Every structure is written in C-alpha cells, then in structure tokens.
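These are the residues of each chain, in order.
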Amino acid sequence: MKIIFIGNPGTGKSTLLNGTLGKSKFKSGVSYGRGMTTVLQMEQDSNTGIWYGDTPGLADVDLRQKAAAEITQALKSGDDEYKLIFVVTEEEGRVRPTDVTTVTLVLDAITTREDGTSSPPYGIIVNKMTPKKIQTLLKDASKRNAFTTCLNSKYVTSFIHFYERKEELEDEANKVHPITDELEYFMKVLPSIRLKPEDIKDVKADEYAAVTEAFEKEIEELKNNSVKMQAKMKENEAKYLKQVENATSKIHKMEEQAKKKEKEMQTELLKGKAENAERAKKLEKELKEMKRAAEEHRAALDAMPHQQNRSSSSFGGFLADAIGNMVKTVLPF
C-alpha cells in the first residue's frame, strides 16, 4: 500500500506526514520563495509496512516541470494499491483555484477507472483551518455545499476532511505533532485504487496556467450565480451516486471471490495429502488478504456521507444534505 500526499507549496503536506508517522522523516517548515519539498520522498512505516510519499507542488513556477515529473514518478512507483490525498488550504473561506488545478491535472494522468466512473477514488484534507471556520461550514449547509461544490470541479470525492490549524507548528521546522484520531480514521477508510505504471500518463505541467484561469472563472460564476451552483451540485450528485453504486457492486464481487476461495481451501484440506495441506496454507493466506481488502472497502463505503456524523470534520461535503435518502435506495443495507 502506498499513500501519496499531493498539494501546492505551503499546504502542510510534510508536517501532516510527520504527524502520521510520529517522527520527523519529511523536511517541513518555512521555505521562502519556493516549496520546501522539491523531489519525491518515500518513507515506509515499519509498523504497518505502508509507504508514504511526499511530492513537490505544481504551483511553484520555477519547479513546475520538475514537480510534475516527481508526481508522475510517485504514481508509477509500482504495481500496488494507492491512496491519493490532496492537501489544500482556503483563503477567507474560499476555494483556491490553484488547488483545484492540481487535483485535476494529477487525476487527468490516471488512465484507469477502476470503479467505472469519471473519478478515481481520492481524498482531500483542507488544512490549517481555524476552529471557527470549521464550525461555520459544519453548521451551515448552504456555505458547506457551496465550498465543496467549488472544490469538486471536474472530479468528485465525498472524502473531504477539515483539519484545524496547529498554532504550535507555526514557523517551526521539522516539528512532529501527532495527527488526530479523526484524521487517522479518515485516512484508514479512504478508498484505494490499484495502479500499474502503464496506467499513468505524464502530469501536464504546461496546462497549469490555462486550467487555473478556467477554474478561477468557474468558481467566480458559481459564487455569483445560484442557478449555476444548483446545476453543478446536481451534476456532482449524479457522479457521486454512480460511485456509490459501483463501489457496492465491487464489494459484492470481492465478497463472492472470498467465499469461492474459502470453499477451494476447504476442499484442499479435506483431501488430506501433504501437498494439498501446503496448498491449503497458501489459500488460507490469500483468503485472509481478500477478506481484509473487502472489509476495508466496506468500511470506506460505510464512511460515505449517508453514514457520517454531521458534527464530524470528515463528511460528504456538497452531498451531505443534497442526497439524503436517495443514497439509501442505492445501497443494499
């Protein structure tokens, strides 16, 4: 498993990664004139075996081409399960178009669509928020939906987490502050995607300026035109419902495969021969892995908006109020 953090300079990726690992592995702090992270860095958690990746930001004009190459390398770092986490910040309660551009260009580079939808699974951490802003968005559905609708432009995710600013980390270099249990859970249930090197195209850094300009215009129009905002919410809702439907179908298939593998293992055990016993041990290991994967995907589905505690900093964003009982008609439980 690889968990890749992606985001523009100054969003706090490295600090969050150090907090996740509980030790200072990624260089973090104030960097004047350019981002602190300039190359891909991968570190493995010795306890879980999970690899964590820190990538440079595309918003740095001087390093943009190099940053795009490093992000591409991160996505091509092996045939494996990947969790993609974009770290963004807000300005006076508004979405930054440059952050939406980064999400779009990186996801454009992924050619496989495992769940059959236009959006690969990914998550967003809105970092360095004041407690007051978090509470405002959690309590005010209209403001929350407007914010997350702007954040979900070309691609859609229901996995958005608001993370509070830590004053003790301001202007500090390489300081470790453990992440909250809530953020740890958010990362645990975030769906993964299987990626092979051949599934990845180069991240197109040369499109950054044009895409950012287009998003600036779109976000401004959404902010000032309620009709367009409602239309965008409906569009995103349809994409999300398709994701839920496909995720449910995928889990059913995984559970069926696990049942089939379990029967195969029992058959080998009944035969009683030594070579079959060895085969059964191998099957048992495969079965445990299949069940674990199915349980993780089930947990991810359960964590989607219809199951969320509305007071939580992790929620389905624009879908939290828009979908309501509609989601329940898609799910089998």
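Please refer to the structure placed before this passage.
Residues numbered from 1 in each chain as written. Predicted model: local features only at pLDDT ≥ 70, side-chain atom pairs only at ≥ 80, totals over all residues. Heavy atoms only, no water.

Participant: Help me understand the overall build of the protein, please; the structure alone is not making it clear to me.
Facilitator: Scanning the protein for helices and strands turns up eleven helices and ten strands. Each of the 333 residues in the protein was classed as buried or not, and the buried ones make up 49%. Pairs at least 24 apart in sequence give 78% of the contacts found in the protein among residues at least 6 apart. Approximately 16300 Å² of the protein is accessible, and the part contributed by carbon and sulfur atoms is 49%. (Helix = DSSP H or I, 4+ residues; strand = E, 2+ residues; numbered from the N terminus. Buried < 20%, exposed > 50% of the residue type's maximum accessible area, 1.4 Å probe, protein only. Contact = heavy atoms within 4.5 Å. Areas by Shrake-Rupley, 256 points an atom, 1.4 Å probe, with all protein chains shown as cover.)

Participant: Even after reading the chapter, I still don't get the packing of helix H4 (residues 131-139) against helix H5 (residues 141-151), so can you show me in this structure?
Facilitator: For any two helices packed against each other, the geometry comes down to the angle between their axes and how far apart the axes lie. Contact pair H4 / H5: the axes reach a minimum separation of 5 Å and the direction vectors enclose 100°. If you check the angle between H4 and H5, you find them roughly perpendicular. Mapping the contact onto sequence places Thr136, Leu137, Leu138 and Lys139 in H4 and Ala141, Lys143, Arg144 and Phe147 in H5. When the residues that make up the contact of H4 with H5 are grouped by side-chain class, the tally is four nonpolar, one polar and three charged. (Axes fitted to C-alpha atoms, helices over the stretch in contact; angles between N-to-C directions. Parallel < 35°, antiparallel > 145°, perpendicular 65-115°, else oblique. Nonpolar A, V, L, I, M, F, W, Y, C, P; charged D, E, K, R; others polar.)

Participant: Explanation requested: the pairing of strand E3 (residues 51-54) in the structure shown.
Facilitator: Residues in a regular strand point their side chains to alternate faces of the sheet. Summarising the sheet, strand E1 (residues 2-6) and E3 pair through four bridges and their orientation is parallel. What sits directly across from Ile4, in E3, is Gly53. Examined bridge by bridge, strand E2 (residues 41-44) and E3 share four bridges and lie antiparallel to one another. Its bridge partner being in E3, Gln44 is matched across the sheet by Trp51. Connecting E2 to the next strand, E3, in antiparallel fashion are six residues, including Gly49 with a positive phi near 80°. (Pairing = 2+ DSSP bridges.)

Participant: It is not clear to me how the pattern of salt bridges should be interpreted in this structure. Could you clarify?
Facilitator: Pairing is possible between side chains that carry opposite charge, provided their charged atoms lie close to one another. Applying the stated rule across the entire model yields 14 salt bridges. Close ionic contact of Glu81 with Arg194 constitutes a salt bridge, the shortest N to O distance being 3.9 Å. Remark: Arg194 occurs in strand E9 (residues 193-195) and Glu81 occurs in strand E4 (residues 80-88); sequence separation between them is 113 residues. According to the relative accessible area criterion, Arg194 is partly exposed, its value standing at 36%. (Salt bridge = Lys/Arg side-chain N within 4 Å of Asp/Glu carboxyl O.)

Participant: What's the story with the packing of aromatic side chains in this structure? I'm lost.
Facilitator: Two measures describe an aromatic ring pair: the distance that separates the ring centres and the angle between the ring planes. Evaluated as defined, the whole model comprises three aromatic pairs. Aromatic side chains Phe86 and Tyr122 sit 5.7 Å apart centroid to centroid with 90° between the ring planes, which places their arrangement in the edge-to-face category. With Phe86 in strand E4 and Tyr122 in the loop between helix H3 (97-108) and strand E7 (123-129), this pair connects stretches of sequence that are 36 residues apart. There is no split in this pair, since Phe86 and Tyr122 are both buried. (Phe/Tyr/Trp six-rings, centres within 6.5 Å; stacked < 30°, edge-to-face > 60°.)

Participant: Help me understand the nonpolar core, please; the structure alone is not making it clear to me.
Facilitator: Nonpolar side chains in soluble globular proteins tend to end up buried together. One finds Leu84, Phe86 and Val126 to be the most contacted residues of the largest nonpolar core, which totals 46 residues. When residues no more than four places from it in sequence are discounted, the contact partners of Leu84 are Ile4, Leu75, Leu107, Ile110, Pro121, Tyr122, Gly123 and Leu190. Ranked by size, the runner-up nonpolar core spans 18 residues in total, among them Tyr163, Leu183, Val189 and Leu190. (Core = buried A, V, L, I, M, F, W, Y, C linked by side-chain atoms within 4.5 Å.)

Participant: Would you take a moment to explain the packing of H3 against helix H7 (residues 208-224) for this structure?
Facilitator: Between H3 and H7, whose axes approach to 8 Å, the crossing angle comes to 125°. Our classification of the angle between H3 and H7 gives oblique. The element H3 and its partner H7 pack so that their crossing is right-handed. On H7, the residues that touch Pro97, Thr98, Val100, Thr101, Thr102, Thr104 and Leu105 of H3 are Tyr208, Val211, Thr212, Phe215, Glu216 and Ile219. Looking at the contact of H3 with H7 residue by residue, the classes come out as seven nonpolar, five polar and one charged. (Left-handed = near helix turned anticlockwise from the far one by under 90°.)

Participant: How should H3 be read in this particular structure?
Facilitator: Quick reminder: α-helices carry 3.6 residues per turn. Residues three or four places apart thus point the same way. The terminal C-alpha atoms of H3, which comprises twelve residues, lie 16 Å apart, in line with the 16 Å expected from a rise of 1.5 Å per residue. The buried fraction of H3 is high, at ten of twelve residues. When we look at burial in H3, the residues that qualify are Pro97, Asp99, Val100, Thr101, Thr102, Val103, Thr104, Leu105, Val106 and Leu107. Where H3 is buried, its residues contact E1, helix H2 (64-75), E4, strand E6 (94-95), H5 and H7. (Expected span 1.5 Å × (residues − 1).)

Participant: Help me understand the environment of Pro191 in this model?
Facilitator: Here Pro191 is to be found in the loop between helix H6 (181-189) and E9. The spatial distance from the C-alpha of Pro191 to the C-alpha of Leu84 is 8.9 Å, given a sequence separation of 107 residues.

Participant: Can you walk me through the environment of Lys281 in this structure?
Facilitator: One can find Lys281 in helix H9 (residues 274-302). Accessibility expressed as a relative area gives 53% for Lys281, which makes it exposed. On a C-alpha basis, the gap between Lys281 and Met265 in space is 8.1 Å, while along the polypeptide they are 16 residues apart.

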